[in-house]
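Close look at the chain arrangement
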Amino acid sequence: MVESEPNSRNQVGRPSPIVRPGPRALGIAINPEIDSITVGIVGLGGTVLRRVRFSVDHVPSAAEAVAISAQLIDSLREEFDLAHRAVGVGVAVPGLVRTHDGLVRLAPHLGWVDEPLAEMLEEAIGLPVVAANDARLGTLAESIFGAGRGLTDLVYLNGGASGIGGGAIVNGAPLRGISGYAGEFGHTLVNSSGVICHCGARGCLETEVSRSSLLRAVGLADVDADELENALLASDSPIVAAEIIRQIDTLAITLRNAINTLNPQLIVLGGFLGALYAVDAARLELRVGEQSLPSARDSVRIARAELGTRLLMIGAAELAFESILSDPSSF
Ligand SMILES: [Zn+2]
């Protein structure tokens, strides 16, 4: 910090009016998941200085996630001089988050409903905390430091173990919606006679295009994204080929809708969606091309996400940096 309270743990009253991140400023990132809590220390410019992953043997409650996060951050306090250098904390949540106060409305896989996560963390850590949906932070990170650098209009879709998340940058600004829930491409309709999704609707993208069906087709249990991609690339099984084609053709429907609705310059695919693209980019481009409006199609490109495992740490920390830059008085 260029100027800050000497002890950010006991911050009371209004902070200095000239608070802004100095070159040594650090953002703290937190990502609670069903099997782990990850904390990161991130410098300006998207440099991940440290990433600590704490495995849990059961799905953590919000209170447990808060306690573990606070402990992990405490263990890094001295080494990174967080009392003087940390500007704030950003949390990437696998669920729906109300942006203005960081309330987790629903994180289906964590089983969290209406948890005031940002408030709980602020109390435990003593730093300002902002929280947002993980895919929306992935969008932010890729747009600033990844495949979408310098672009004003892009759509991001990420395929993970628990479904498909997404986000968009429109006219240079993140697409939020009135409460912060915009960009749920995983729950757009791709098959009107498909199965019922956990959201209650029928034929959502994330029920039709899934990592688990790909794993089933290649006959593997849980593997990481790279191993799955290698298995898909190496397979000569007709069953695997048919499943890849089915998923690519289905994904193309959502991409068509995104292109015709938002007119992006770039569509960024992360997680297993990036693997599908790597396996048969030509087919996805063909399918998207033949059903999108020519006017919008001509200006769009498809690319893989670039930030890999650093994505959410960078996105969450960036949220903390941006919050303090855009509204220093709020801290
Ligand atoms: Zn759904």
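Below is a summary of the structure that appears in this document. Keep in mind that what you see is a predicted model, and the values were worked out from it rather than measured.

Moving on, we get to the overall build of the protein chain. Within the protein chain, the regular secondary structure consists of 12 helices and 13 strands. Over its C-alpha atoms the protein chain spans a radius of gyration of 20 Å, differing by no more than 12% from the 20 Å that the globule rule assigns to 331 residues. Seen along its three principal axes, the alpha-carbon backbone of the protein chain occupies a region of about 65 × 45 × 35 Å. When burial is assessed residue by residue, the protein chain has 49% of its 331 residues classed as buried. A sequence separation of at least 24 residues applies to 64% of the contacts in the protein chain between residues at least 6 apart.

The coordination sphere of the zinc ion contains the protein donors His 187 (ND1), Cys 197 (SG), Cys 199 (SG) and Cys 204 (SG), at a distance range of 2.0 to 2.3 Å. Viewed at the metal, the four donor atoms of the zinc ion are separated by angles of 105 to 118°, and the geometry they form is tetrahedral. By relative accessible area, which is 1% here, Cys 204 ends up buried.

For the rest of this paragraph, the subject is the sheet that holds strand S9 (residues 154-160). In space, the five strands of this open sheet follow the order S11-S10-S9-S12-S13, with mixed pairing throughout. Edge strands, defined here as strands with exactly one partner in the open sheet, are strand S11 (173-174) and strand S13 (301-304). As defined by bridge partners, strand S12 (residues 266-271) adjoins S13 across four bridges and the pair is classed as parallel. The residue of S13 that forms the bridge with Val 268 is Ala 303.

For the rest of this paragraph, the subject is empty space enclosed by the protein. One pass over the full model with this rule turns up two cavities of 30 Å³ or more. In this structure, the second largest cavity occupies an estimated 30 Å³ of space. Among the elements of the structure, helix H4 (134-145) and strand S10 (163-170) are those that each provide at least two residues to the lining of the second largest cavity. The element contributing the most residues to the lining of the second largest cavity is H4, with three residues. Looking at the lining of the second largest cavity, its residues break down into five nonpolar, one polar and one charged.

As summarised here, the arrangement of the three strands in space is S5-S6-S7, forming an open sheet in which the pairing is antiparallel. Every interior strand has two partners, whereas the edge strands, strand S5 (96-98) and strand S7 (112-115), have only one. Recorded for the sheet is a direction-independent mean angle of 15° between the axes of neighbouring strands. Two strands pair when backbone bridges link them, and strand S6 (residues 103-107) and S7 are joined in this way by three bridges, in the antiparallel orientation. Residue pairing for S7: Ala 107 is matched across the bridge by Trp 112.

The buried fraction of S10 is high, at seven of eight residues. When S9 meets S10, the two strands line up antiparallel, connected through seven bridges. Its bridge partner being in S10, Leu 154 is matched across the sheet by Ile 169. Here S9 folds back onto S10, and the loop between the two strands holds two residues. In this structure, S10 lies alongside S11, joined through two bridges in antiparallel fashion. Across the sheet, the residue bridging to Val 170 is Ala 173, located in S11. Taking the residues that link successive antiparallel strands as the turn, the S10-S11 hairpin has two residues, and the phi of Asn 171 there is positive, at about 55°.

Position of Glu 229 among the secondary structure elements: in helix H7 (residues 225-234). Assessed through its relative accessible area of 13%, Glu 229 is described here as buried. At 2.9 Å, the side chain of Glu 229 and the side chain of Arg 304 are in polar contact. Glu 229 has contacts with Ala 275, Ala 278 and Arg 304, leaving out every residue within four places of it along the chain.

Applying the stated criterion to the full structure yields 14 salt bridges. A salt bridge links Asp 114 to Arg 105, with the shortest nitrogen-to-oxygen separation between them at 3.0 Å. A salt bridge links Arg 246 to Glu 243, with the nearest nitrogen and oxygen atoms 2.9 Å apart. With Arg 246 and Glu 243 both in helix H8 (residues 238-262) and three residues apart, this pair spans about one turn of that helix. Judged by its relative accessible area of 31%, Arg 246 is partly exposed.

About the criteria used
Residues numbered from 1 in each chain as written. Predicted model: local features only at pLDDT ≥ 70, side-chain atom pairs only at ≥ 80, totals over all residues. Heavy atoms only, no water. Helix = DSSP H or I, 4+ residues; strand = E, 2+ residues; numbered from the N terminus. Rg over C-alpha atoms; globule rule 2.2 N^0.38 Å. Buried < 20%, exposed > 50% of the residue type's maximum accessible area, 1.4 Å probe, protein only. Contact = heavy atoms within 4.5 Å. Donors = N, O, S within 2.8 Å, 3.2 Å for Na, K, Ca; no water. Tetrahedral: all angles 85-135°; square planar, octahedral: opposite > 155°, others 65-115°. Pairing = 2+ DSSP bridges. 1 Å grid on protein atoms, 1.4 Å probe; cavity = no way out; pocket = protein on both sides within 12 Å on 5 of 7 lines; lining within 4 Å. Points joined across faces, edges and corners; volume = space filled by probe spheres on them. Nonpolar A, V, L, I, M, F, W, Y, C, P; charged D, E, K, R; others polar. Axes fitted to C-alpha atoms, helices over the stretch in contact; angles between N-to-C directions. Polar contact = N/O pair within 3.5 Å; in protein donor to acceptor, adjacent residues only side chain to side chain. Salt bridge = Lys/Arg side-chain N within 4 Å of Asp/Glu carboxyl O.

Just geometry here; none of it tells us what the structure is for.
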